[in-house]
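Spelled out, the chains give:
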Amino acid sequence: VQLQASGGGLVQAGGSLRLSCAASGRTFSNPNMGWFRQAPGKEREFVVSISPNGGSTYYADSVKGRFTISRDNAKNTVYLQMNSLKPEDTAVYYCAARFLGTAQAMSTPLSIDYWGQGTQVTVSS
């Protein structure tokens, strides 16, 4: 599976961005999908995940109510809508896929089968 993330950029605090992750190389409808992020000097952390049919989603407490994950299996793409962005959201955001188990189990980097290349999100104060 190849994951291609896009949509990052520079935005002011309170602004919005939408990230996209296009998957290829294997039946897209199979995997749980999600996003992690890594800020400079910090470990990679879980942000959000979504089940194969989109019926279940899981969010880190730090982004609940501000971020929304969705997927379009016909387009082999998962999206992350980020609203009310804060400077502490600044990080490289990584798309992730996990084929076995549940989306709820995608809480640590060790649970991930495939990673995208990352896209930089910078939120200025």
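(A) Region of interest: unusual backbone geometry. Even without being a glycine, N76 presents a positive backbone phi close to 55 degrees. In this fold, N76 is placed in the loop between β7 (67-72) and β8 (77-82). Positive phi outside glycine occurs at S84, with the angle close to 50 degrees. Within the fold, S84 resides in the loop between β8 and β9 (91-98). Residue class for S84 comes out partly exposed when judged on its relative accessible area of 41%.

(B) Up close: the state of the cysteines. This model, assessed by the stated rule, comprises 1 disulfide. The partner cysteine of C21 in its disulfide is C95, sulfur to sulfur 2.0 Å. Looking down the S-S bond of the C21 and C95 bridge, the torsion is -85 degrees, so its handedness is left-handed. With C21 in strand β3 (residues 17-24) and C95 in strand β9, this residue pair connects regions lying 74 residues apart in the sequence. Judged on exposure class, the residue C21 and its partner C95 are both buried.

(C) Fine view of the side chain of R37. On the secondary structure map, R37 appears in strand β4 (residues 32-38). Reaching out from R37, the side chain makes a polar contact with the side chain of E45 at a distance of 2.7 Å. Looking at R37, its side chain comes within polar contact range of the side chain of D89, at 2.9 Å. Residues contacting R37, with those up to four places away along its chain left out, are E43, R44, E45, V47, S62, V63, F67, E88, D89, A91, V92 and Y93.

(D) Examining the pattern of salt bridges more closely. The tally for this structure, following the rule as stated, stands at 4 salt bridges. A salt bridge links R37 to E45; the nearest nitrogen and oxygen atoms lie 2.7 Å apart. Exposure remark for R37: the relative accessible area of 6% places this residue in the buried category. The salt bridge involving D61 is made with K64; its shortest N-O contact spans 3.2 Å. Given a relative accessible area of 64%, D61 falls into the exposed group.

(E) Expanded view of the side chain of S51. Along the chain, S51 falls in the loop between β5 (45-50) and β6 (57-59). In terms of polar contacts, S51 uses its side chain to reach the side chain of N53, at 3.1 Å. Ignoring any residue separated from it by four or fewer positions in sequence, one finds S51 in contact with N32, S56, R71 and A103.

About the criteria used
- Residues numbered from 1 in each chain as written.
- Predicted model: local features only at pLDDT ≥ 70, side-chain atom pairs only at ≥ 80, totals over all residues.
- Heavy atoms only, no water.
- Helix = DSSP H or I, 4+ residues; strand = E, 2+ residues; numbered from the N terminus.
- Buried < 20%, exposed > 50% of the residue type's maximum accessible area, 1.4 Å probe, protein only.
- Disulfide = S-S within 2.5 Å.
- Polar contact = N/O pair within 3.5 Å; in protein donor to acceptor, adjacent residues only side chain to side chain.
- Contact = heavy atoms within 4.5 Å.
- Salt bridge = Lys/Arg side-chain N within 4 Å of Asp/Glu carboxyl O.

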